[in-house]
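Take a look at the letters that make up each chain.
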Amino acid sequence: MYKEKSHIKYLIVKLAIFVVLAVLVFIFREQLVEHLKYFIGGLILLYGVEEILFEVIFHGKNFWKCEKTYLGLVELILGITLFFFPLEATAEEVVKMTCVIWAAWSIIREAFEIRELIVEIKSVVLTIISGIESVAAIVLSVMLLLEPGEHHAMIHLYLLLAELVLTPLVPLLDEVIEERKNKRSEQKKIS
């Protein structure tokens, strides 16, 4: 029970942070495209650190047995790669490399999310919403891979806004719905 409450608190804090980040992304989207490499690299690093920390906090010394730990490691590698992409590269090369890494990262994350949809999420409505977002992200990521550039990067930034909000919101709502079902079930047992 304590871990469930801690997990809900964690998701609430994550949602608040990601909503603020989404608002900042929307406000500064034009400037972010100019500095896409650092923004996306930092975002990927943030996700990687968060994945690993979450597994350490909630699974203790068994964190290395969790698949999300390895997703976090991949994210750390991709984020570091973006930060240290050769400085002598042209702006167009940097944008293309950033788009390719961003698209690959999105596809990897969405594959994990689809797996979670199939295995863990209990609410039909949340599954549909998350599934639509995952499919849209994969389709847009493939477009970003096929034609990396500022136009597709801007479209992907708009998708990122929705993703930043849905990433913590769907699991949070799922936890709340599950907790309410459990309370109703306990109340029925008592009566």
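Quick look at the structure, then.

Here is what the cut-offs are and how they apply
Residue positions within a chain follow its written sequence, with the count starting from 1. Local features in this predicted model are restricted to residues of pLDDT 70 or higher, and side-chain atom pairs are both shown and tallied only at a pLDDT of 80 or more, whereas totals for entire chains, interfaces and linings draw on every residue. As a rule here, side-chain values come from all non-hydrogen atoms in the structure, and water together with hydrogens is ignored. The helix and strand labels rest on DSSP assignments: H or I over at least four residues marks a helix, E over at least two residues marks a strand, and numbering proceeds from the N terminus. In this scheme, a helix's expected span is set at 1.5 Å multiplied by one less than its residue total. Points on a 1 Å grid, built from protein atoms alone, make a cavity when a 1.4 Å probe fits but cannot get out and make a pocket when they are open with protein on both sides within 12 Å along at least 5 of 7 lines; residues with an atom within 4 Å of a point are the lining residues. Grid points are joined across faces, edges and corners, and a volume is the space filled by probe spheres set on the points. Nonpolar residues are Ala, Val, Leu, Ile, Met, Phe, Trp, Tyr, Cys and Pro. Charged residues are Asp, Glu, Lys and Arg, and all others, Gly as well, are polar. In this text, buried Ala, Val, Leu, Ile, Met, Phe, Trp, Tyr and Cys residues form a nonpolar core when linked through side-chain atoms within 4.5 Å. Only protein chains enter the calculation, and the probe is 1.4 Å; a residue is then buried if its accessible area is under 20% of its type maximum, exposed if over 50%, and partly exposed in between. Note on definitions: a residue-residue contact is assigned when non-hydrogen atoms from the two residues lie within 4.5 Å.

**Details of helix α3 (residues 36-59)**
Consideration 1: If you check α3, its first and last C-alpha atoms are 34 Å apart, about what 24 residues at 1.5 Å a residue would give, namely 34 Å.
Consideration 2: Immediately beyond the C-terminal end of α3, within one or two residues, lies Gly60, with a positive phi of roughly 60°.

**Quick word on the layout of surface pockets**
Consideration 1: Space inside the second largest pocket adds up to approximately 200 Å³.
Consideration 2: What lines the second largest pocket is Tyr10, Val13, Lys14, Ile17, Phe18, Leu46, Val49, Glu50, Leu53 and Phe54.
Consideration 3: A per-class count over the lining of the second largest pocket returns eight nonpolar, no polar and two charged.

**Regarding the nonpolar core**
Consideration 1: Formed by 27 residues in total, the largest nonpolar core has its most connected members in Phe39, Leu43, Trp102, Leu157 and Leu164.
Consideration 2: Looking at this core, the elements with two or more residues in it are α1 (2-27), α2 (29-34), α3, α4 (67-83), α5 (91-119) and α7 (150-190).
Consideration 3: Setting aside chain neighbours within four positions, we find Leu157 in contact with Val25, Arg29, Leu32, Val33, Phe39 and Trp102.

**Thoughts on the side chain of Lys68**
Consideration 1: Inspection of the secondary structure puts Lys68 in helix α4.
Consideration 2: In contact with Lys68, other than residues within four places in its own chain, are Glu51, Glu55 and Glu116.

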